[in-house]
Amino acid sequence: MSESSTTATALVALMKLRGVGRRGALRIVDARSEETDVRRYRDFIVARLAKAKLPENQLVDAWQSAEEEIRKGDEAGIRAYSLHDTDYPARLRRIPDPPAVLFVKGSIQALHRTKAVAIVGTREPTNYGEKVARRSGETAAKESFAVVSGLAHGCDTFAHEGCLDAAGVGVAVMAHGLDKVYPAANRDLAARLLDHGGALVSEYPVGTAAARAAFAERDRIQSGLSDGVLVIETDVKGGTMHTVRFAREQRRALACISHPEKWLMEDKTKGNQMMIAEKWATPISDGDGLLRFLNDVGGAALPPDSADRQKPPSQGSLAL
């Protein structure tokens, strides 16, 4: 077993123990690059549990369960990357509370794209929001951005469809094990993302059902995998505001659609209006504004030696 899969197994096993969460597991597990023997590595973790006064006698069963989950994932094309794995996404590694283990189905390269933007919003957008989400996903893909979202109904779905319309790369962050797709109506969309070089991502092993708290937890991964976050539509207390909060905590560039006057009475635009009024987010009112935001985010994301080679966006070709 490779170093990365050994540390992934250890972390998954530890998080099965009562009282051990992500942070606790990461305090116990280190890279141990010189150790590849699974049994010796498990003994090393047991010794650390003893020092931490945790129930090391329960680890063997938890370890076997973790190995089985990771094996089932491997058979389904799902790879487990620990925080200590060199293939773990660099953007995500730097957030305050990164996943200890990231499960990925599809191309790991999708998580290492030079530029990435999260496009998120309500599950019940206005007709205007539907069109803008799709056009935004398409525009971002044409500007070589990976489009990150949650595969939820509504804005997420339209953004990923727009991304695929432009033959772009999409990353969907799930709130459950990757052996299933929720919502079921988006199974075909998930398959198309994989077929086009994208990825499905989760911090939960196979067999884990979606739980309410997990949907808020996954929002930190959406922003964490991105250089910037674009909010299509949200009300003031919508679930999208979790992603907004994480984006601000993670110091991600934040923008939101600024709606025409006829849509300002809609509840699903109230969160956008609040973010603009509070100066949390850059208002985007047309295609040129979106391109400027993407250009700013993309330029910041590029390494210094390639930033000057960034091509300027086309002028106003995709009015919102």
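The structure we're discussing is the one just above.
Let me begin by describing the structure that accompanies this report. Since the structure is predicted, the reported quantities are computational estimates derived from the model, not experimental observations. (Residues numbered from 1 in each chain as written. Predicted model: local features only at pLDDT ≥ 70, side-chain atom pairs only at ≥ 80, totals over all residues. Heavy atoms only, no water.)

## Structural notes on the sheet that holds strand 2 (residues 101–106)
For step 1, the next point in the chain: The strand order 1-2-6-5-4-3-7-8-9 describes an open sheet built from 9 strands, whose pairing is mixed. Since the sheet does not close on itself, it has two edges, and those belong to strand 1 (78–82) and strand 9 (282–284), each with one partner. The sheet shows a mean angle of 25 degrees between the axes of neighbouring strands, taken without regard to direction.
For step 2, the next point in the chain: Packed onto the sheet, helix 10 (residues 240–249) meets strand 3 (116–120), strand 7 (228–231) and strand 8 (253–257) and runs at close to 150 degrees relative to strand 7. (Pairing = 2+ DSSP bridges. Helix = DSSP H or I, 4+ residues; strand = E, 2+ residues; numbered from the N terminus. Axes fitted to C-alpha atoms, helices over the stretch in contact; angles between N-to-C directions. Contact = heavy atoms within 4.5 Å.)

## Remarks on empty space enclosed by the protein
For step 1, the next point in the chain: By the definition in use, this model includes 2 cavities of 30 Å³ or more.
For step 2, the next point in the chain: The space that makes up the largest cavity amounts to roughly 40 Å³.
For step 3, the next point in the chain: Residue lining of the largest cavity: Arg-123, Gly-150, Ala-152, Met-174, Ala-175, His-176, Tyr-182, Pro-183, Phe-215 and Arg-218, and that is the complete set.
For step 4, the next point in the chain: Along the lines of polarity and charge, the residues of the lining of the largest cavity split into 6 nonpolar, 2 polar and 2 charged. (1 Å grid on protein atoms, 1.4 Å probe; cavity = no way out; pocket = protein on both sides within 12 Å on 5 of 7 lines; lining within 4 Å. Points joined across faces, edges and corners; volume = space filled by probe spheres on them. Nonpolar A, V, L, I, M, F, W, Y, C, P; charged D, E, K, R; others polar.)

## Some remarks on the layout of surface pockets
Empty space left among the atoms is revealed by rolling a probe the size of a water molecule over them.
For step 1, the next point in the chain: Taken as a whole, the largest pocket encloses approximately 400 Å³ of empty space.
For step 2, the next point in the chain: In terms of lining residues, the largest pocket is bounded by 20 residues, among which Arg-123, Asp-219, Gly-238, Gly-239 and Thr-240 are the most central.
For step 3, the next point in the chain: Elements supplying a minimum of two residues to the lining of the largest pocket: helix 9 (212–224) and helix 10.
For step 4, the next point in the chain: By residue number, the principal contributor to the lining of the largest pocket is helix 9, which donates 6 residues.
For step 5, the next point in the chain: By volume, the second largest pocket amounts to about 230 Å³.
For step 6, the next point in the chain: A per-class count over the lining of the second largest pocket returns 7 nonpolar, 1 polar and 4 charged.

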